[in-house]
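Structural characterization, general
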Amino acid sequence: MTQEYLIALGSNLGSSAGDPAQTVRAALDAMPAKGITPLRVSRLYATPCFPAGSGPDYVNACCAARFDLDRTEIATFLHKLHEIEADFGRARLQRWGSRTLDLDLLAVGDTVLPDPETYDTWQRLTPREQTCQTPDQLILPHPRLQDRAFVLVPLLDVAPTWQHPVLRQSTAGLCAALPDHLRAEPVAL
């Protein structure tokens, strides 16, 4: 069975493709040339910059995609996402800084990487620890996705029944668990 790759897209600076919304749309259009086939794409959402005050507001979206290579090639998939980011002028200068394009691999089916223990360590970091620690390997599912309305609200458009393999909740359940004020932040464009 083919696993779907769940991807979060965001931009708050725009790029040579245009403003942030045009950049997100152009990034989706660029995926097939890298072997990535978007299957379902969310609406675009205006979202406050995260963390608050760190730059202009974002345009965010999510997509469920297929990758032409085998499921075991997750590192290759991530490399392809980074290539697309670079094509749109992304420079990795600051953690959680403003960016032309951000493509985050959120999840691949029920895969937990690199292992449940390492995932648990990164998922339990305090907000302060999150700002100064960066993993040296891919952690899946994304260890913060359950905390972020700017991810969960668009993800609800494309994968409402996806089950988080560690938290054992659906996207819909994770989104419903967010405080009302956070769930209301993303506004469909």
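Preceding this section is the structure that the text describes.
Here the structure is a predicted model, which is why all the values come from computation and not from measurement. (Residues numbered from 1 in each chain as written. Predicted model: local features only at pLDDT ≥ 70, side-chain atom pairs only at ≥ 80, totals over all residues. Heavy atoms only, no water.)

**Some points on the nonpolar core**
- Among the nonpolar cores identified, the biggest contains 26 residues, and Ile7, Leu9, Met31, Ile36 and Leu105 are the most heavily contacted of them.
- Breaking this core down by element, the ones donating at least two residues are strand S1 (5-11), helix H1 (20-30), strand S4 (58-67), helix H2 (74-87) and strand S5 (102-108).
- Those residues within four positions of Leu105 in sequence are excluded, and the remaining contacts are Tyr5, Leu6, Ile74, Phe77, Leu78, Leu81, Leu138, Leu140 and His142.
- Of all hydrophobic cores here, the second largest spans 19 residues; its members include Leu6, Ala8, Cys175 and Leu178. (Core = buried A, V, L, I, M, F, W, Y, C linked by side-chain atoms within 4.5 Å. Buried < 20%, exposed > 50% of the residue type's maximum accessible area, 1.4 Å probe, protein only. Helix = DSSP H or I, 4+ residues; strand = E, 2+ residues; numbered from the N terminus. Contact = heavy atoms within 4.5 Å.)

**Focus: the environment of Gln22**
- Relative to the helices and strands, Gln22 resides in helix H1.
- By relative accessible area, Gln22 is classed as partly exposed at 40%.
- Sequence spacing of Gln22 and Ser11 is eleven residues, and the spatial spacing of their C-alpha atoms is 9.3 Å.
- Only 2.8 Å separates the side chain of Gln22 from the backbone nitrogen of Asp19, close enough to count as a polar contact. (Polar contact = N/O pair within 3.5 Å; in protein donor to acceptor, adjacent residues only side chain to side chain.)

**A word on the pattern of salt bridges**
- In this structure the tally under the stated criterion is nine salt bridges.
- Lys34 is the salt-bridge partner of Asp87, the closest N and O atoms lying 3.6 Å from each other. Placement of Asp87 in helix H2 and of Lys34 in the loop between H1 and strand S2 (36-41) is noted, with a sequence separation of 53 residues between them.
- A residue is classified by how much of its surface remains accessible, and Asp87, at 51% relative accessible area, is exposed.
- Judged by relative accessible area, Lys34 falls into the partly exposed class, the value being 22%.
- A salt bridge links Asp147 to Arg144, with the shortest nitrogen-to-oxygen separation between them at 3.4 Å.
- Linked through salt bridges whose partners overlap, the residues forming this network are Lys34, Lys80, Glu83 and Asp87. (Salt bridge = Lys/Arg side-chain N within 4 Å of Asp/Glu carboxyl O.)

**What about helix H3 (residues 116-123)?**
- Turning to H3, its buried residues are Thr118, Tyr119, Trp122 and Gln123. In an axial view of H3, the angular spread of the buried residues amounts to 135°, which keeps them on one side of the axis.
- Regarding H3, its N-cap is Asp115, as a side-chain oxygen of that residue lies 3.1 Å from the backbone nitrogen of Glu117 further along. (Arc of directions from axis to C-beta.)

**Comments concerning the packing of aromatic side chains**
- For the structure shown, the criterion picks out three aromatic pairs.
- Taking the centre distance of 5.9 Å and the plane angle of 70° together, the rings of Tyr5 and Phe67 count as edge-to-face. Taken as a pair, Tyr5 in strand S1 and Phe67 in strand S4 lie far apart in primary sequence, 62 residues in all. Just as Tyr5 is buried, Phe67 falls in that class too.
- Relative to Phe77, the ring of Phe67 lies with its centre 5.0 Å away and its plane at 80°, an arrangement referred to as edge-to-face. Of this pair, Phe67 sits in strand S4 while Phe77 is found in helix H2, placing the two residues ten residues apart along the sequence. (Phe/Tyr/Trp six-rings, centres within 6.5 Å; stacked < 30°, edge-to-face > 60°.)

**What about the environment of Tyr119?**
- The topology assignment puts Tyr119 in helix H3.
- In sequence terms Tyr119 and Val41 are 78 residues apart; their C-alpha atoms lie 27 Å from each other.
- Those residues in contact with Tyr119 that sit more than four places away from it in its chain are Val112, Leu113, Ile139, Leu140, Pro141, His142, Pro143, Gln146, His164 and Val166.
- Of note is the side chain of Tyr119, whose polar atom sits 3.2 Å from the side chain of His164.

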